[in-house]
Amino acid sequence: MTAAGNPERAAIGRDELDTAIAAGTPIVARLFAADLALEDIDARDMRFENCAFRTPLFHGVDFSGATFAGCSFAAMRFASCSFVDAHFDKCMFFDVESRKGCTFAACEMRAAQMTACNFADAAFERCDLYALKASECSFRGARFRGSHFDRRFSKKVVLASAAFETCNLSFADLSGMVLKACTLRNCKFSETIFWDADLTDAVLTGSQIDRAEWDRARLSGADLAGATISGLSLALLADYAGMIVSQSQMYELLHEIGVDVRPD
């Protein structure tokens, strides 16, 4: 057993890895050591279960349709990798010892599904996150600069798609993100940065929003019914026409802009 109480994992070599990928054999409880070179590998539809990844860099690896279950990742970098339709279940992308998360740079993550994973302090740089689905995941302190949740289908048609359910996005940087009509239900947004973000028609019902930064954000048509909205000032928003709130929330919003509502 390791000091952390996890079972020791035998290190996998490149030849063994290539053989498993060629045969489509699931890789279970193996260590991807720091000296293992992983570049331009076709690992589509592979299954990795209870593996420990310590390789500092994955470059050009195609993980489309792959499944990662119960895996842990050091503070590593994924560069130009594909995770289209990939599934992540109970995975740890945060290195407790260094207190650092993983970096995803120029990765294709369309329709990726994440359940009960830890992406704290992760950096998503110039990533395609269209149709991403995340449930019960932590994105605490994650940064999404240069990434996008929208996709252009024609010159006039651009659609955004993402679903976050019961996720922690506290201290995350979502500035400039287009999240039109996306779902962010029952999530936690404590001191989250929404500068210039477009949440038109987004659904934030049941979420906890505390001291988030909303400068120039768009919330027109957004549904915040049942959400806690402490510190949300309408004066900072670029647009909030048609925003849906409950009656109790209305008093909170008016109080933030200096309006004292008294009963008749």
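Above: the structure in question.
In this text, all values refer to a predicted model and were calculated from it rather than measured experimentally.

### Details of helix H1 (residues 14–23)
Okay, step 1: Within H1, the full set of buried residues consists of Leu17, Ala20 and Ile21. Seen along its axis, H1 keeps its buried residues to an arc of 100 degrees; they face one direction. Counted as exposed and oriented over 90 degrees from the buried face of H1: Asp15, Thr19, Ala22 and Ala23.
Okay, step 2: Tucked into the core, H1 has its buried residues touching strand S2 (27–28), strand S3 (30–32) and strand S4 (38–39).

### A few points about a nonpolar patch on the surface
Okay, step 1: Together, Phe153, Val157 and Leu159 make up a nonpolar patch on the protein surface, roughly 260 Å² of accessible area in all.
Okay, step 2: Tracing the sequence through the fold places valine 157 in the loop between strand S18 (150–152) and strand S19 (158–160).

### Quick word on the environment of leucine 234
Okay, step 1: Following the sequence through the fold, leucine 234 ends up in the loop between strand S24 (228–230) and helix H2 (247–256).
Okay, step 2: Remark: the alpha-carbon pair of leucine 234 and tryptophan 214, spanning 20 residues in sequence, is separated by 8.8 Å.

### A closer look at the packing of aromatic side chains
Okay, step 1: Counted by the stated rule, this structure contains 38 aromatic pairs.
Okay, step 2: On the numbers, 4.2 Å between centres and 5 degrees between planes, the contact of phenylalanine 73 with phenylalanine 93 is stacked. Of this pair, phenylalanine 73 sits in strand S9 (residues 72–73) while phenylalanine 93 is found in the loop between strand S11 (87–89) and strand S12 (94–95), placing the two residues 20 residues apart along the sequence. As far as the burial class goes, phenylalanine 73 and phenylalanine 93 line up, both buried.
Okay, step 3: Where phenylalanine 93 meets phenylalanine 104, the ring centres are 5.8 Å apart and the plane angle is 55 degrees; that geometry is what we call tilted. Pair noted here: phenylalanine 93 is in the loop between S11 and S12 and phenylalanine 104 is in strand S14 (residues 103–105), with a separation of 11 residues, a long-range link. The same class applies to phenylalanine 93 as to phenylalanine 104, namely buried.

### Examining the sheet that holds strand S5 (residues 47–49)
Okay, step 1: Judged by pairing direction, the sheet is parallel, and its eight strands sit side by side in the order S2-S5-S8-S11-S15-S17-S20-S21 without closing on themselves. Two strands lie at the open edges of the sheet, namely S2 and strand S21 (183–185), each paired on one side alone.
Okay, step 2: Sheet topology note: the strand S15 (residues 113–115)/strand S17 (residues 132–135) ladder contains three bridges and is parallel. The residue bridging glutamine 113 from the neighbouring strand is lysine 133, located in S17.

### Considerations on the sheet that holds S3
Okay, step 1: Taken together, four strands build an open sheet; the order of strands is S1-S3-S6-S9 and the sheet is parallel. If you trace the sheet from one side to the other, it starts and ends with strand S1 (10–11) and S9, each paired once.
Okay, step 2: One ladder, built from two bridges, connects S1 with S3; its direction is parallel. Bridge pairing links alanine 11 to leucine 31 in S3.

### Brief notes about the pattern of salt bridges
Okay, step 1: According to the stated counting rule, one finds 15 salt bridges in the structure shown.
Okay, step 2: Of the charged contacts in the structure, one is a salt bridge between arginine 110 and glutamate 108, with a shortest N-O distance of 3.3 Å.
Okay, step 3: Between aspartate 210 and arginine 211 there is a salt bridge; the shortest N-O distance is 3.0 Å.
Okay, step 4: Classification of arginine 211 as partly exposed rests on a relative accessible area of 46%.
Okay, step 5: It is possible to trace a salt-bridge network through shared partners that takes in Asp42, Arg44 and Asp62.

About the cut-offs
Residues numbered from 1 in each chain as written. Predicted model: local features only at pLDDT ≥ 70, side-chain atom pairs only at ≥ 80, totals over all residues. Heavy atoms only, no water. Buried < 20%, exposed > 50% of the residue type's maximum accessible area, 1.4 Å probe, protein only. Helix = DSSP H or I, 4+ residues; strand = E, 2+ residues; numbered from the N terminus. Arc of directions from axis to C-beta. Contact = heavy atoms within 4.5 Å. Patch = residues over 30% accessible without salt bridge, like charges linked within 9 Å, V, L, I, M, F, W, Y side chains within 5 Å. Areas by Shrake-Rupley, 256 points an atom, 1.4 Å probe, with all protein chains shown as cover. Salt bridge = Lys/Arg side-chain N within 4 Å of Asp/Glu carboxyl O. Phe/Tyr/Trp six-rings, centres within 6.5 Å; stacked < 30°, edge-to-face > 60°. Pairing = 2+ DSSP bridges.

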